[in-house]
Amino acid sequence: MHLKKIYPTYFMIIPLIVFTIFFLIPSTIGYLYAFTDWNPYVEKIKFVGVENFVEIFQNKSLTTAFVNTVVIAVVKTVFVTVIGVGIALLLNRGFRTNKMLRTVYFMPAIFSALIVGLIFSGLFDTQNGVINQVLGAIGVKDAQIEWLGSRWPALTVVNAAEIWRSAGYGVVITLAALQSIPADYLEAAKMDGANGWQRFRHIILPMIMPAVNVNILFSLIYGLKMFDLILILTGGGPGHETESFGTLILSEMSRDRYSQSVSINLIFSIMLVIVAILFQKYSKKWEAKE
Amino acid sequence: MKKEKLVNAIIAVSLWIGGLVVIIPLIMVLVTSLKTYGEANFLSISLPAKPMFVNYVQVFTEGKIWRSFMNSTIITVFSVVLVTLLSAMLSYIIMRRKSRFNGFIHKIMTFGIIAPFAALPTIQLLKGLHIYGTYPSLMFVYAALFMPFSTILFSSFISTVPIEIDEAAVIDGCTGWNLFAKVVFPLLLPVTVTVGMLNFMWIWNDFQYPIFLLNSSSKWTLPLSVYSFFGQYNRSWNLVCADMVLVSLPVILLYVFAQKYIVSGMTAGAVKG
């Protein structure tokens, strides 16, 4: 019998229509608005070429957002990967409470960014926050640090919150990869006299590398897409000092600078695609499994 | 052997101490939610003099939580059903009818995971369709945005379902929708549960898309209403924490009863690719 009758085409067409209308069209030809003078007051939108890009590239807030976004993504990725591999290796030793510990370490990942953001804004509160109190108790004089009051301390808090929230993914994914390594590989290496480091370097690491790569890619992409925690913790402030690409798009939009917002969105989209392509190119092991 | 046991014990103890970084903030939220206004002007781990369950009642009455709870439930449930069904159908056809087209679908799905949300173009498109600000618009956007990841999970599972099952059913005269709904879909139950749970968790917790796509506060989802509640009651950490507990309750329950499915989904997506 014909495949098309057994597996009807409309099964595929319906999902693809939804995907095309609600994602693909806005994310491709929707960006044409970046080349117009669109804002809520303009009556007839007209084409202005690359004018918006010239303007936003002269604007300091784009550079700030770019630096913030990259710093957040890179720092987060390093921490999540290192913590993920480290804790997973320890958890994989199979002592009695390791399943419970896995549950604990993954737990922050189930909460909304809203919850995580509010918790961290409480912990890092200037007057009453636990962090300042602990710093005071261990002898830091005048531990009244205004964590969210200036750029780098605020970004540190944002990053701490992001790492707290997503380290569990790193742990769980790496642990699953570790558990899929056949025990006799390691047994055989032990027999041949390989020490702990050698076993890690030559057996464990190559076998978990695909999972670690996926982990790095997702950490990078979601780190670059950072939006909600910044909105809750700093709102992009003070000024536009802690804005990321994601929040800058919202803030330009709420200042009625529609075409500029779309332009930034387009730059952001191109940046993410480039990062993903470069990463895939350089992590061939991940590619090989596809 | 004895040395190994000792090492393991030390590791277990240090990991539990490290785990306190996770546990302590969560306990703080829980105890603070039961304090009086005076006790709770900051987040701390001290116990309340007397547990104030009345905070939860107050949050319900003042925080308009009931309304946004209903909004969140409607939006989440329909979006999850939509994305699960659509991804299952798409993956089924992709995996069974291996065509030249597949490589292209794979590419645009990957683009779907990578690309950022095109905020204003999406809003403009929804306005053009005259559905901006409605429940269905948000549901369809969620369906489109979450389809790629769900499709990866379904596809890798469907590739393990033997095609002989389809062949046997076809011989019995079962094709098309019947074949899918009566024969194949029931076999996909484990991955369906995983996809459903993960999407439930992500959509329930989500905060970004409603900000852009819901313009009236009467349609706000829970995270949005808690966000605005926090703005109004900045210093009432007891009420804010009670609110946070209520918002998290469904995902906590999900995690307690279905951790297996959530974790297996995360790892299957990543480890198998």
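The rules behind the values
Residue numbering note: each chain is counted from 1, following its sequence as written. Working convention: letters from A go to chains and numbers from 1 go to ligands, in the order in which they are written. In keeping with the predicted nature of the model, local features appear solely for residues at pLDDT of at least 70, side-chain atom pairs appear and are counted solely at 80 or more, and the whole-chain, interface and lining totals rest on all residues. Helix and strand assignments follow DSSP, with helices taken as H or I runs no shorter than four residues and strands as E runs no shorter than two, numbered in order from the N terminus. Between the buried cut of 20 or more and the exposed cut of 12 or fewer other C-beta atoms within 10 Å of a residue's own C-beta lies the partly exposed class, and all C-beta atoms are placed from the backbone. We call two residues in contact when their backbone-placed C-beta atoms lie within 7 Å. Think of it this way: the bend at a residue is just the angle between two axes, each fitted to seven residues, one set ending at that residue and the other starting at it. Among buried residues, those of type Ala, Val, Leu, Ile, Met, Phe, Trp, Tyr and Cys that are joined through C-beta atoms within 7 Å form a set called a nonpolar core. Domain boundaries shown here were taken from an automatic or database domain assignment. In this classification, Asp, Glu, Lys and Arg are treated as charged, Ala, Val, Leu, Ile, Met, Phe, Trp, Tyr, Cys and Pro as nonpolar, and every other residue, Gly included, as polar. Between N-to-C directions, angles cover 0 to 180 degrees, with each direction set by a line fitted to C-alpha atoms, over the stretch in contact for helices. In what follows, roughly perpendicular refers to angles from 65 to 115 degrees, roughly parallel to angles under 35, roughly antiparallel to angles over 145, and oblique to any angle outside these ranges. Working rule for handedness: look at the near helix, and if it is turned counterclockwise from the far one by less than a right angle, call the crossing left-handed; if clockwise, right-handed.

With that settled, the discussion passes to the overall build of chain A. Along its length, chain A carries 14 helices and zero strands. When the elements of chain A are put in sequence order from the N terminus, they spell out α-α-α-α-α-α-α-α-α-α-α-α-α-α. With the principal axes as the frame, chain A shows a C-alpha extent of 80 × 75 × 30 Å. The buried share of chain A, taken over its 290 residues, is 45%. For chain A, the share of sequence-separated contacts (at least 6 apart) that also reach a separation of at least 24 residues comes to 71%.

Turning to helix H6 (residues 135–158) of chain B, a few remarks are in order. Maximal helix bending in H6 of chain B amounts to about 50°, located at Met 147 of chain B; proline Pro 148 of chain B follows within four positions. Judged by how many residues are buried, H6 of chain B sits mostly within the fold: 21 of 24 residues are covered.

The next point concerns the nonpolar core. Val 157 and Leu 233 of chain A together with Ala 143 and Ala 144 of chain B are the most contacted members of the largest nonpolar core, which has 161 residues in total. Once residues within four sequence positions are removed from consideration, Ala 144 of chain B is found in contact with Val 18, Phe 19, Phe 22 and Phe 23 of chain A.

Another aspect to go through is the domain arrangement of chain B. For an interface, size is often stated in terms of accessible area lost upon the parts coming together. Residue and element names in this part refer to chain B. Domain parsing of chain B yields domain 1 (1–62 + 233–247) and domain 2 (63–227). Computed from C-alpha atoms alone, the centre-to-centre distance between domain 1 and domain 2 is 34 Å. Only helix H2 (54–62) and helix H12 (237–272) provide two or more residues apiece to the side of domain 1 that touches domain 2. In terms of residue count, the dominant contributor to the side of domain 1 that touches domain 2 is H12 (four residues). Of the residues assigned to the side of domain 1 that touches domain 2, the class counts are five nonpolar, no polar and two charged.

Another point: the interface of chain B and chain A. Facing the 65 residues of chain B at the interface are 77 residues of chain A. Top contributing element to the side of chain B that touches chain A by residue count: H12 of chain B, with 13 residues. Taken together, the residues of the side of chain B that touches chain A break down into 48 nonpolar, 15 polar and two charged.

As a further point, take helix H6 (residues 113–123) of chain A. For an α-helix the count is 3.6 residues per turn, leaving residues at separations of three or four pointing the same way. In terms of residue burial, H6 of chain A counts as a mostly covered element, since 11 of its 11 residues are buried. Here H6 of chain A has its buried residues at Ala 113, Leu 114, Ile 115, Val 116, Gly 117, Leu 118, Ile 119, Phe 120, Ser 121, Gly 122 and Leu 123 of chain A.

Moving on, we get to unusual backbone geometry. Most peptide bonds take the trans form, and the phi angle of most residues other than glycine is negative. The backbone of Asp 256 of chain A sits at a positive phi, close to 65°, despite the residue not being glycine. Position of Asp 256 of chain A among the secondary structure elements: in the loop between helix H12 (245–254) and helix H13 (258–282). Positive phi outside glycine occurs at His 130 of chain B, with the angle close to 60°.

One way to put it is that helix H2 (residues 10–27) of chain A packs onto helix H3 (residues 65–96) of chain B with a least axis distance of 8 Å and a crossing angle of 130°. One way to sum up the angle between H2 of chain A and H3 of chain B is to call them oblique. The hand of the H2 of chain A/H3 of chain B crossing is left-handed. Contacts between H2 of chain A and H3 of chain B pair Phe 11, Met 12, Ile 14, Pro 15, Leu 16 and Val 18 of chain A from the former with Leu 86, Ser 87, Met 89, Leu 90, Tyr 92 and Ile 93 of chain B from the latter. Here the contact of H2 of chain A with H3 of chain B is built from residues that sort into 11 nonpolar, one polar and no charged.

What follows is about the packing of H12 of chain A against H13 of chain A. Residue and element names in this part refer to chain A. In the contact formed by H12 and H13, the axes pass within 8 Å of each other and the chain directions differ by 165°. Considered as vectors, H12 and H13 are oriented roughly antiparallel to each other. Regarding H12 and H13, the two cross each other, and that crossing is left-handed. Together, Phe 245, Leu 248, Ile 249, Glu 252 and Met 253 of H12 and Tyr 258, Gln 260, Ser 261, Ile 264, Asn 265 and Phe 268 of H13 make up the contact between the two elements. Across the contact of H12 with H13, the residue classes break down as seven nonpolar, three polar and one charged.

In this section: the environment of Leu 135 of chain A. Residue and element names in this part refer to chain A. In this structure, Leu 135 sits in helix H7 (residues 130–137). Sequence spacing of Leu 135 and Ile 145 is 10 residues, and the spatial spacing of their C-alpha atoms is 9.5 Å. Leu 135 has contacts with Val 140 and Ala 143, leaving out every residue within four places of it along the chain.

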